[in-house]
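# An overview of the molecular structure
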Amino acid sequence: MPRGLLWLGFSLLGALQIQAQDATPNLIPAPSLLRVPLQPNFQDDQFQGKWYVVGLAGNAFSKEEQGKFKMYSTTYELKEDHSYNVTSILLKNQNCDYFIRTFVPSSQPGEFNLGNIKGYPNLKSYTVRVVTTNYNEFAVVFFKAVSQNQENFKITLYGRTKELTPELKEDFIRFTKSLGLTDDHILFPVPIDKCIDG
């Protein structure tokens, strides 16, 4: 199975067991969180709602998989305790697949940890960090997962619509490269309508 597809499934499900079986020894090291900016004065109520995944970059992605990635949507639903119920909807084998998880606030506004992490025995930590957003157009979100034998990271470019300006895409590319990734690790999923517009 291609590494990028494994990471996509892993990032959505948090299921690291598959990843551990197919560990890739030459991954670009995940950056320290000290190198990853955090959105100032994060407003959790404004961030909630539906986002389309317009861009993806990560140490387990490869440009050769570009055509295999279809756009998917992720909806953040804010709960009273300031955690999010997070639902991603993907088109898989002509069916709509739903992946649901909880992101629990950490000590810093805009940073979250995976809820129920004990349900994933190989997973040591899973951090989600909102790097930047203007809430009504785009967001850049950093994900870092530490397992028993490796660290994976990805950066997602979210859009409230399926199309973003070339400038936002260029900013996304620059940021991912600042964390050590190359053009080969950056993908722009193919926009679709099925499943993700419901």
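- Per an unreviewed UniProt entry, the chain goes by the name Lipocalin 2 and belongs to Rhinolophus ferrumequinum.
- For the record of the chain, the UniProt heading Sequence similarities (unreviewed entry) holds the text "Belongs to the calycin superfamily. Lipocalin family."
- On record in UniProt, under Subcellular location (unreviewed entry), the comment for the chain is "Secreted".

## Description of helix α4 (residues 166-178)
- Across its 13 residues, α4 extends 18 Å between first and last C-alpha, which sits within 8% of the 18 Å expected from 1.5 Å per residue.
- Turning to α4, its buried residues are Leu168, Phe172, Ile173, Phe175 and Thr176. The arc that holds the buried residues of α4, viewed along the axis, is 165°, so those residues lie on one side. Away from its buried face by more than 90 degrees, α4 exposes Pro166, Glu167 and Arg174.
- In this fold, the buried residues of α4 make contact with β1 (49-58), β6 (123-133), β7 (138-147), β8 (151-159) and β9 (186-187).
- One or two residues past the end of α4 sits Gly180, with phi positive at roughly 100°.

## What to know about the confidence of the model for the chain
- Across the chain, pLDDT averages 87, with 86% of residues at or above 70.
- Confidence drops under a pLDDT of 50 for residues 1-23, and excluding neighbours within four residues, the segment shows 63 contacts in the predicted structure.

## Re the environment of Gly115
- Within the secondary structure layout, Gly115 lies in the loop between β5 (111-114) and β6.
- As a C-alpha pair, Gly115 and Phe103 span 12 residues in sequence and 5.6 Å in three-dimensional space.
- Residues within four places of Gly115 in sequence aside, it is in contact with Thr102 and Val104.

## So, the packing of aromatic side chains
- Applying the stated rule across the entire model yields 17 aromatic pairs.
- A ring pair is formed by Phe172 and Phe188, whose centres lie 6.1 Å apart and whose planes are at 70°; its orientation type is edge-to-face. With Phe172 in helix α4 and Phe188 in the segment after β9, this residue pair connects regions lying 16 residues apart in the sequence.
- The structure contains a cluster of three or more aromatic residues connected by ring pairs, namely Phe42, Phe47, Trp51, Tyr76, Tyr84, Phe103, Phe112, Tyr126, Tyr135, Phe143 and Tyr158.
- Here Arg160 stacks its cationic end above the ring of Trp51, 3.6 Å away from the centre of that ring.

## Looking at the pairing of strand β3 (residues 84-92)
- One ladder, built from six bridges, connects strand β2 (residues 73-78) with β3; its direction is antiparallel. Looking across to β3, one finds that Leu78 is bridged to Tyr84.
- In textbook terms, the turn of a hairpin is the stretch between consecutive antiparallel strands, and for β2 and β3 this stretch comprises five residues, one of which, His82, has a positive phi near 70°.
- Summarising the sheet, β3 and strand β4 (residues 95-105) pair through nine bridges and their orientation is antiparallel. Residue Asn85 lies in a different strand from β4, and its bridge partner there is Thr102.

## Describing the side chain of Glu111
- Topologically, Glu111 is positioned in strand β5.
- For Glu111, a relative accessible area of 8% puts it in the buried group.
- The residues contacting Glu111, other than those within four sequence positions of it, are Leu33, Leu38, Val104, Pro105, Ser106, Thr127, Val128 and Arg129.

## Description of the nonpolar core
- One finds Phe47, Tyr76, Phe103, Tyr126, Val141, Phe143 and Tyr158 to be the most contacted residues of the largest nonpolar core, which totals 27 residues.
- Looking at this core, the elements with two or more residues in it are β1, β3, β4, β5, β6 and β7.
- Not counting residues within four places of it along the chain, the set of residues in contact with Phe47 comprises Phe42, Tyr76, Tyr84, Val130, Thr133, Tyr135, Ala139, Val141, Tyr158 and Arg160.
- By size, the runner-up hydrophobic cluster in this structure holds 25 residues, among which are Tyr52, Val140, Phe172 and Cys195.

Cut-offs and rules
Residues numbered from 1 in each chain as written. Predicted model: local features only at pLDDT ≥ 70, side-chain atom pairs only at ≥ 80, totals over all residues. Heavy atoms only, no water. UniProt positions renumbered as here; feature names shortened; annotations may be inferred. Helix = DSSP H or I, 4+ residues; strand = E, 2+ residues; numbered from the N terminus. Expected span 1.5 Å × (residues − 1). Buried < 20%, exposed > 50% of the residue type's maximum accessible area, 1.4 Å probe, protein only. Arc of directions from axis to C-beta. Contact = heavy atoms within 4.5 Å. pLDDT = per-residue confidence, 0-100. Phe/Tyr/Trp six-rings, centres within 6.5 Å; stacked < 30°, edge-to-face > 60°. Lys NZ or Arg CZ within 6 Å of the ring centre and 35° of its normal. Pairing = 2+ DSSP bridges. Core = buried A, V, L, I, M, F, W, Y, C linked by side-chain atoms within 4.5 Å.

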